[in-house]
Amino acid sequence: MKKIIKILLPDALLLAGAVTIVVALHEMWPPLAYLACGVFAVLLALILSF
């Protein structure tokens, strides 16, 4: 169980950070948040594919 947590924790923290940034951007300017969401989705897909 500890090995699974150690493997998944960085990905979960990355996703949580991306969500936090997108929510903060959405409060300031929604179109920028949508753009950032797409960028984060592509980056997350690239990171998880390796």
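Residues numbered from 1 in each chain as written. Predicted model: local features only at pLDDT ≥ 70, side-chain atom pairs only at ≥ 80, totals over all residues. Heavy atoms only, no water.

Enquirer: How should the overall build of the protein be read in this particular structure?
Expert: Scanning the protein from N- to C-terminus turns up two helices and zero strands. Relative to the globule expectation of 10 Å for 50 residues, the C-alpha radius of gyration of the protein, 13 Å, shows a markedly less compact shape. The buried share of the protein, taken over its 50 residues, is 12%. Working note: accessible area of the protein is about 4300 Å², and carbon and sulfur atoms make up 82% of it. (Helix = DSSP H or I, 4+ residues; strand = E, 2+ residues; numbered from the N terminus. Rg over C-alpha atoms; globule rule 2.2 N^0.38 Å. Buried < 20%, exposed > 50% of the residue type's maximum accessible area, 1.4 Å probe, protein only. Areas by Shrake-Rupley, 256 points an atom, 1.4 Å probe, with all protein chains shown as cover.)

Enquirer: What should I look at first to understand the packing of helix 1 (residues 2–28) against helix 2 (residues 30–49) in this one?
Expert: The description of two helices packed together rests on the angle between their axes and the distance between the axes. The geometry of helix 1 relative to helix 2 is characterised by a closest axis approach of 7 Å and an angle of 165 degrees between their N-to-C directions. Between helix 1 and helix 2, the crossing angle belongs to the class labelled roughly antiparallel. Between helix 1 and helix 2 lies a crossing of right-handed hand. Within the contact between the two elements, helix 1 uses Asp 11, Leu 14, Leu 15, Ala 18, Ile 21, Val 22, Leu 25, His 26 and Met 28 and helix 2 uses Pro 30, Leu 32, Ala 33, Tyr 34, Ala 36, Cys 37, Phe 40, Leu 44, Ile 47 and Leu 48. (Axes fitted to C-alpha atoms, helices over the stretch in contact; angles between N-to-C directions. Parallel < 35°, antiparallel > 145°, perpendicular 65-115°, else oblique. Left-handed = near helix turned anticlockwise from the far one by under 90°. Contact = heavy atoms within 4.5 Å.)

Enquirer: Can you walk me through helix 2 in this structure?
Expert: Over its 20 residues, helix 2 extends 29 Å from the first C-alpha to the last, a length consistent with the 28 Å expected when each residue adds 1.5 Å. Buried within helix 2 we find Ala 33, Ala 36 and Leu 44. Looking straight down helix 2, one finds its buried side chains confined to an arc of 75 degrees; they lie on one side. Residues of helix 2 that are exposed and point more than 90 degrees away from the buried face comprise Tyr 34, Leu 35 and Ser 49. Buried residues in helix 2 make contact with helix 1. (Expected span 1.5 Å × (residues − 1). Arc of directions from axis to C-beta.)

Taken by themselves, the reported measurements are silent on function.
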